[in-house]
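Residues per chain are reported as follows:
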Amino acid sequence: MSKEKINIGIIGIGRWGSKLADIFSEEATVAAFVSKSSSHIDTFQKKHPHAVHYATTENLLSDERIEALVIATPI
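What you see is a predicted model; the values in this text were computed from it and never measured.

Just checking my understanding: could you explain the sheet that holds strand S3 (residues 52-54) for this structure?
Working definition: the strands of a sheet are paired by backbone hydrogen bonds and lie parallel or antiparallel to each other. With parallel pairing, four strands are arranged side by side in an open sheet as S3-S2-S1-S4. Looking at strand neighbours, the two that pair on one side only are S3 and strand S4 (68-71), the edges of this open sheet. Each adjacent strand pair in this sheet contributes to an overall mean axis angle of 30 degrees, direction not counted. Both strand S1 (residues 6-11) and strand S2 (residues 28-34) contribute to a ladder of six bridges, which runs parallel. Bridge pairing in S2 places Ile8 opposite Val30. Relative to S2, helix H2 (residues 38-47) is tilted by about 165 degrees, and along the sheet it contacts S1, S2 and S3.

Take a look at the structure:
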């Protein structure tokens, strides 16, 4: 029996956000993310090519596909 994955959004895709995305992608689909760092965006999209990049948190939150949210901040 196949379990459908939920769509998650990630705010912050630096070191911790990327690690969390990798962990969550085992059980969920990374559908969208927010980042202002172009170097992080390029690297992240190589690992998660179907994820949509949003420039603002507001845009990500208005994406009706998002069922769960990860907020990654520096420790």
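Looking at this model, I keep getting lost on the pairing of S1. Mind explaining?
For a regular strand, side chains alternate in direction, first toward one face of the sheet and then toward the other. For the segment spanning S1, helix H1 (residues 15-24) and S2, crossover handedness is right-handed. Where S1 lies against S4, four bridges are found, and the strand directions are parallel. Looking across to S4, one finds that Ile10 is bridged to Val70.

Just to check I follow, could you spell out the nonpolar core for this structure?
Soluble globular proteins: nonpolar side chains tend toward being buried together. If you look at the biggest cluster of nonpolar residues, it comprises eleven residues: Ile8, Ile10, Ile13, Ala21, Ala28, Val30, Phe33, Ile41, Phe44, Ala51 and Val70. By residue number, the principal contributor to this core is S2, which donates three residues. Every residue in contact with Ala28, bar those within four places of it in the chain, is listed here: Lys5, Ile6 and Ile8. In this structure, Ile11, Ala32, Val34 and Tyr54 belong to the second largest nonpolar core, which totals seven residues.

About the criteria used
Residues numbered from 1 in each chain as written. Predicted model: local features only at pLDDT ≥ 70, side-chain atom pairs only at ≥ 80, totals over all residues. Heavy atoms only, no water. Pairing = 2+ DSSP bridges. Helix = DSSP H or I, 4+ residues; strand = E, 2+ residues; numbered from the N terminus. Axes fitted to C-alpha atoms, helices over the stretch in contact; angles between N-to-C directions. Contact = heavy atoms within 4.5 Å. Right-handed = clockwise from strand over helix to strand, strands pointing away. Core = buried A, V, L, I, M, F, W, Y, C linked by side-chain atoms within 4.5 Å. Buried < 20%, exposed > 50% of the residue type's maximum accessible area, 1.4 Å probe, protein only.

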